[in-house]
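# Architecture at a glance
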Amino acid sequence: MLILLAIACFSAPDRSGYLPKHVAVTLEFEDGQEGTLLADLVEPHLPPVVRISENAWVFRDGIPVPASSREPLPGAHADGPGDGFGVELEDGTVLLRLPHDTIEVAHDVEQIVEVAMLPEVDTQAANLVFKSVRALHAAALPARIDGDLEEWTGRSLPVDQPAQIQGDTEDWDGPRDGSMAVATRVHHERISVAVRLRDDQLLENADRLEILAPGLPTISIPVGPAGPCEVPPGWECAWVDAVSFGTGIELSMPDTRPDSASQQLDIVVRFVDVDPNESPTTIATAPSTAAVALFGLYQRPGPSGSGANSRISTTTSP
Ligand SMILES: [Ca+2]
Ligand SMILES: [Ca+2]
Ligand SMILES: [Ca+2]
């Protein structure tokens, strides 16, 4: 056993030195659209952070610019400088090959148009263009839509990073200004969603929560102190009152997905934060339901910090 272990160690050397710091992969999807995927591999021992852009972008000195005048590079199936890294297309799925792991990063892809390995990326500029896409993974558990979050004991998805701001990030001052944690459950053909909202200035009939689901119009629910919870027929909704972090909501809706056995939900939860004298800021689990369908199977652990392990039912945390 010891010998085997020793062999394993020697045959799997740390090849992280071969990894590029950032990789931009421009893809053409089966529907003809293009998009660019940006993978940050800055911390080789952690799973990469993968974000996407609408349309194709290239980088000039680390700054993304629209790829309108781009000339496609030949041979887009790139291998890294060593044998520990590569980008591959297999049956419409793009695989990111890392020294110790292979990760699916995109689906329904017709071809890889370009792969660029980048020594540096301007984080602020990249945040404006490349957005985090997170699929909501549903626990197979019931929920009571009663305004009490006590049953939501599983992990929630933190939505509190600049790459989750849709559009202009200028007026966003951080998680206290506008952020959320989202958890989902699927049980007896109902989808339940619990959201903890943080907002420094909750404005009645201005701040709003939006739910986007495939085949449905966007559901917009005004966020207010114990205001009415108006949802479409067949939905249920309850506000959580008397909490210290902002507000919370429980929702449930019919599970109309054709493949409802799937634990992935292509729905998007968005919080539109309206504050006095500022432009509205939208923070979302993903840019669109289409983006979730194309990229959502890729899951990384939450952003660093306690948020990754936040539990939605912690109603008393500051
Ligand atoms: Ca409940
Ligand atoms: Ca705010
Ligand atoms: Ca607000």
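The paragraphs below set out a description of the structure included in this document. Please read these numbers as outputs of a predicted model, since none were measured by experiment.

Rules used in this analysis
- Residues numbered from 1 in each chain as written.
- Chains lettered and ligands numbered in written order.
- Predicted model: local features only at pLDDT ≥ 70, side-chain atom pairs only at ≥ 80, totals over all residues.
- Pairing = 2+ DSSP bridges.
- Helix = DSSP H or I, 4+ residues; strand = E, 2+ residues; numbered from the N terminus.
- Core = buried A, V, L, I, M, F, W, Y, C linked by C-beta atoms within 7 Å.
- Buried ≥ 20, exposed ≤ 12 C-beta atoms within 10 Å, placed from the backbone.
- Domains from an automatic or database assignment.
- Contact = placed C-beta atoms within 7 Å.

Both strand β4 (residues 57-60) and strand β5 (residues 63-66) contribute to a ladder of four bridges, which runs antiparallel. Note that in β5 the partner of F59 across the bridge is P64. Between β4 and β5, which follow one another and run antiparallel, lie two residues, and D61 among them has a positive phi close to 55°.

Further remarks concern the sheet that holds strand β2 (residues 34-40). The five strands are arranged β9-β1-β2-β3-β10 in an open sheet whose pairing can be described as antiparallel. Because the sheet does not close on itself, it has two edges, and the strands there are β9 (109-118) and β10 (131-132). Where strand β1 (residues 22-29) and β2 come together, seven bridges link them in antiparallel fashion. Along β2, the bridge assignment pairs H22 with D40.

Within the largest apolar cluster, 70 residues are counted, with the highest numbers of intra-cluster contacts made by V25, L37, V182 and V195. Residues from two domains meet in this core; each of domain 1 (2-131) and domain 2 (133-309) gives at least three. Leaving out residues up to four positions away in the same chain, L37 has contacts with V25, L27, V50, I52, V105 and A106.

What follows concerns unusual backbone geometry. One non-glycine residue, N55, lies in positive phi territory at about 65°. With a phi close to 55°, D61 is a non-glycine residue in the positive phi region. Examined against the element boundaries, D61 turns out to sit in the loop between β4 and β5. Residue classification places D61 among the exposed positions, given that 9 C-beta atoms sit within 10 Å.

Let us now look at the environment of D200. With respect to the secondary-structure elements, D200 resides in the loop between β15 (190-199) and β16 (208-212). Along the sequence, D200 and R176 sit 24 residues apart, while their C-alpha atoms lie 6.0 Å from each other. Sequence-distant contacts of D200, defined by excluding residues within four places in its chain, comprise R176 and D177.

Let us look at the sheet that holds strand β22 (residues 281-284). What links the strands of a sheet is backbone hydrogen bonding, and the strands pair in either a parallel or an antiparallel sense. Spatially, the five strands line up as an open sheet ordered β13-β22-β21-β16-β17, and their pairing is antiparallel. Either end of the sheet is taken by a strand with one partner, and the two such strands are β13 (165-166) and β17 (219-222). In this structure, β16 lies alongside strand β21 (residues 268-273), joined through five bridges in antiparallel fashion. Looking across to β21, one finds that I211 is bridged to V269.

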